[in-house]
Amino acid sequence: MFNLTTDPCDLDRFSGRAELLAMMQGFDGVELLSFEPDRDGVIPVERIIGLHMCYYPYWLDFYCGDRQAWLREFGSTENCISYYGSDSPAVILDRFRQDLAYAHQYGAEYVVFHVSDASIEEAFTRNYRHSDAEVIDAACEILNSVFADEDGSIALLMENLWLPGLTLTDPDMTRRLLDGIDYPNKGIMLDTGHLLHTNTSLRTQSDAVAYIHRMLDRHAELVGEIRGVHLNQSLTGIYAESMRSSAPGYDLPYAERSLQSLRHAQNVDKHEPFVCPELLDLLRRIAPDYLTYEFISTDLEDLRNKLAAQRAALSALYAE
């Protein structure tokens, strides 16, 4: 698969469904992030295999009712409401339930959920107030509520990031997450690029693959829980380290701090093709049920080129 969203910046690239179908030639389908309805019917519903649930980069303080903390982050109740849609933590559960409704509507086989939390300042400094365990335990509480009435037909795949939560660097925390979810049809969605950001010393794609293998070695008994892979890479450790003292101050308006945070995230997590030869054995080792080329692209031609580069790098796997 490859990733797609319903945001107009993605869908408006296509002249219509035929052009998207042409790009999907050779793929089984797409993993969709649904921001809003596909009003022009560009996406063939029968080709939606996975659905990426909404992601709030900063949510734990809000969910746990730490008003002092979230007011410091947002600067005002109005900014908080603009971000979440309400000043009641229940709005988070409502949004995730809406995503599940979309998944059923589209006939998706799985949903993806980010297990991560960090404020704007923490995303720059990497000095965190909350531990992996705190984020994981709160995420389990949310997911157990959201999935309480599900029949198990949709797989819940939890995705790693490099911020507090599921990082896939500590098998005890990975097991804590899996054991804390009271839902049978569950597993891990390994984002290769996100895992690389946990080690800012990586400089080459070959080194990156070796690092992923080391993290899998740590998770020896849990590798089988990895049911999907978001395939991408970005070796941005030098940049990430250089920005640790550059967090936007709280004296700035929240809108400006948020914009700087978005640009920072895009500079860290570039989502580029992963093309080194060593990648083949890594994917053979994981043998995922779902493989998604997850890229950030500037236009249709850029997306087409990145998909072609990734397919060419994996041509030996397709021949098998």
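Residues numbered from 1 in each chain as written. Predicted model: local features only at pLDDT ≥ 70, side-chain atom pairs only at ≥ 80, totals over all residues. Heavy atoms only, no water.

## Let's talk about the overall build of the protein chain
Note the following rule: Numbering of helices and strands runs from the N terminus, with a helix taken as a DSSP run of H or I at least four residues long and a strand as a DSSP run of E at least two residues long. We call two residues in contact when some of their heavy atoms are within 4.5 Å. Areas reported here follow the Shrake-Rupley algorithm with a probe of radius 1.4 Å; residue values treat only the protein chains shown as occluding. Counting rule for charge: Lys and Arg are taken as positive, Asp and Glu as negative, and neither His nor the chain ends is counted. To locate a charge, take atom NZ for lysine, CZ for arginine, CG for aspartate or CD for glutamate.
For the protein chain, the helix and strand inventory stands at 16 helices and eight strands. By sequence separation, contacts in the protein chain at least 24 residues apart represent 78% of the contacts at least 6 residues apart. Accessible surface, the protein chain: about 13,700 Å² in total, of which carbon and sulfur atoms supply 49%. Across the protein chain, 26 positive and 51 negative side-chain charges occur, with their mean positions spaced 3 Å apart.

## A look at the packing of aromatic side chains
Counted only if it meets this: Think of it this way: a Phe, Tyr or Trp ring, Trp meaning its six-membered ring, pairs with another when their centres are within 6.5 Å, and the plane angle makes it stacked under 30 degrees, edge-to-face over 60, tilted otherwise. Only protein chains enter the accessibility calculation, which uses a 1.4 Å probe. A residue is then buried if its area is under 20% of the maximum for its type, exposed if over 50%, and partly exposed in between.
A full pass over the atoms with the stated rule returns 18 aromatic pairs. Between the aromatic rings of W59 and Y63, the centroid separation amounts to 6.3 Å while the plane-to-plane angle is 65°, which identifies the pairing as edge-to-face. By the burial criterion, W59 is buried, and Y63 matches it. Among the aromatic residues, those joined into a cluster by ring pairs are Y56, Y58, F62, W70, F74, Y83, Y84, F96, F113 and Y254.

## Observations concerning the nonpolar core
Generally speaking, nonpolar side chains in soluble globular proteins are found buried as a group. Let me state the cut-off plainly: We define a nonpolar core as any set of buried Ala, Val, Leu, Ile, Met, Phe, Trp, Tyr and Cys residues linked to one another through side-chain atoms lying within 4.5 Å.
The biggest cluster of nonpolar side chains holds 91 residues, and the ones touching the most others in it are W59, Y84 and I92. Dropping the residues within four chain positions of it, W59 is found in contact with Y84, I92, S116, D117, V135, A138, A139 and I142. Formed by eight residues, the second largest nonpolar core is a distinct cluster that contains M1, V112, A155 and M189.

## Some words on the layout of surface pockets
Over the atoms, a rolling probe the size of a water molecule traces out where space has been left empty. Definition in use: Grid points spaced at 1 Å and placed over the protein atoms alone form the basis of the search, with a cavity being a set where a 1.4 Å probe fits but cannot get out and a pocket an open set showing protein on both sides within 12 Å along at least five of seven lines. Lining residues have an atom within 4 Å of a point. Grid points are joined across faces, edges and corners, and a volume is the space filled by probe spheres set on the points. Three categories are distinguished: nonpolar for Ala, Val, Leu, Ile, Met, Phe, Trp, Tyr, Cys and Pro, charged for Asp, Glu, Lys and Arg, and polar for the others, with Gly belonging to the last.
Considered as a void within the structure, the largest pocket measures approximately 1,700 Å³ in volume. L33, Y55, L262, A265 and Q266 are, among the 47 residues lining the largest pocket, the residues nearest its centre. Elements that contribute at least two residues to the lining of the largest pocket include exactly β1 (2-5), α1 (8-11), β2 (30-33), α7 (120-125) and α13 (254-268). Split by residue class, the lining of the largest pocket holds 25 nonpolar, twelve polar and ten charged. The volume enclosed by the second largest pocket comes to roughly 350 Å³. Looking at the second largest pocket, it is lined by 17 residues, and the ones nearest its centre are M1, D28, D289, Y290 and L291. Breaking the lining of the second largest pocket down by element, the ones donating at least two residues are α14 (279-286), β8 (290-293) and α16 (315-319). In terms of residue count, the dominant contributor to the lining of the second largest pocket is β8 (three residues). The residue inventory of the lining of the second largest pocket, partitioned by class, reads twelve nonpolar, one polar and four charged.

## Thoughts on helix α4 (residues 67-74)
Spelled out, the test is: Comment: arc refers to directions from the helix axis out to C-beta atoms.
Turning to α4, its buried residues number three or more, namely A69, W70, E73 and F74. Taken around the axis of α4, the buried residues stretch over an arc of 120°, which confines them to a single face. On its buried face, α4 is in contact with α3 (60-63), α5 (77-84), α7 and α13. Just beyond α4, the residue with positive phi is G75, at close to 85°.

## Points about the environment of R203
The test is simple: Polar contacts, as used here, are pairs of N or O atoms within 3.5 Å; protein pairs need one atom able to donate a hydrogen and one able to accept it. Residues neighboring in sequence count only if both atoms are side-chain atoms.
The topology assignment puts R203 in the loop between α10 (192-196) and α11 (205-218). R203 sits 96 residues away from D299 along the chain, and the two C-alpha atoms are 27 Å apart. If we ignore the near neighbours within four places in the chain, the residues touching R203 are L235, G237 and I238. At 2.7 Å, the side chain of R203 forms a polar contact with the backbone oxygen of T200. Reaching out from R203, the side chain makes a polar contact with the backbone oxygen of S201 at a distance of 3.4 Å.

## Regarding the packing of α11 against α14
Put simply, the rule is: For every element, the axis is a line fit to its C-alpha atoms; helices are fit only across the contacting stretch, and the angle between N-to-C directions ranges from 0 to 180 degrees. Roughly parallel here means an angle under 35 degrees, roughly antiparallel means over 145, roughly perpendicular means 65 to 115, and every remaining angle is called oblique. The handedness criterion is simple: a crossing whose near helix is rotated anticlockwise from the far helix by less than a right angle is left-handed, and one whose near helix is rotated clockwise is right-handed.
The geometry of α11 relative to α14 is characterised by a closest axis approach of 10 Å and an angle of 20° between their N-to-C directions. With respect to their mutual orientation, α11 and α14 come out roughly parallel. At the point where α11 passes α14, the crossing takes the left-handed sense. Two secondary-structure elements touch here, α11 through V209, I212, H213, L216 and D217 and α14 through L279, D281, L282, R285 and I286. Counted by class, the contact of α11 with α14 contains six nonpolar, one polar and three charged residues.

## Observations regarding unusual backbone geometry
One can expect most non-glycine residues to show negative phi and most peptide bonds to be in trans. Phi is positive for R126, close to 60°, though the residue is something other than glycine. Of note, R126 is situated in the loop between α7 and α8 (132-146). For R126, a relative accessible area of 17% corresponds to the buried category. We note that H271 has phi near 55°; this positive angle belongs to a residue other than glycine. Here H271 shows up in the loop between α13 and α14.

## As for the side chain of Q310
Looking at the secondary structure, you find Q310 in helix α15 (residues 300-313). Apart from the residues lying within four places of it in its own chain, the contact partners of Q310 are L231, P273, F274, L279, Y293 and F295.

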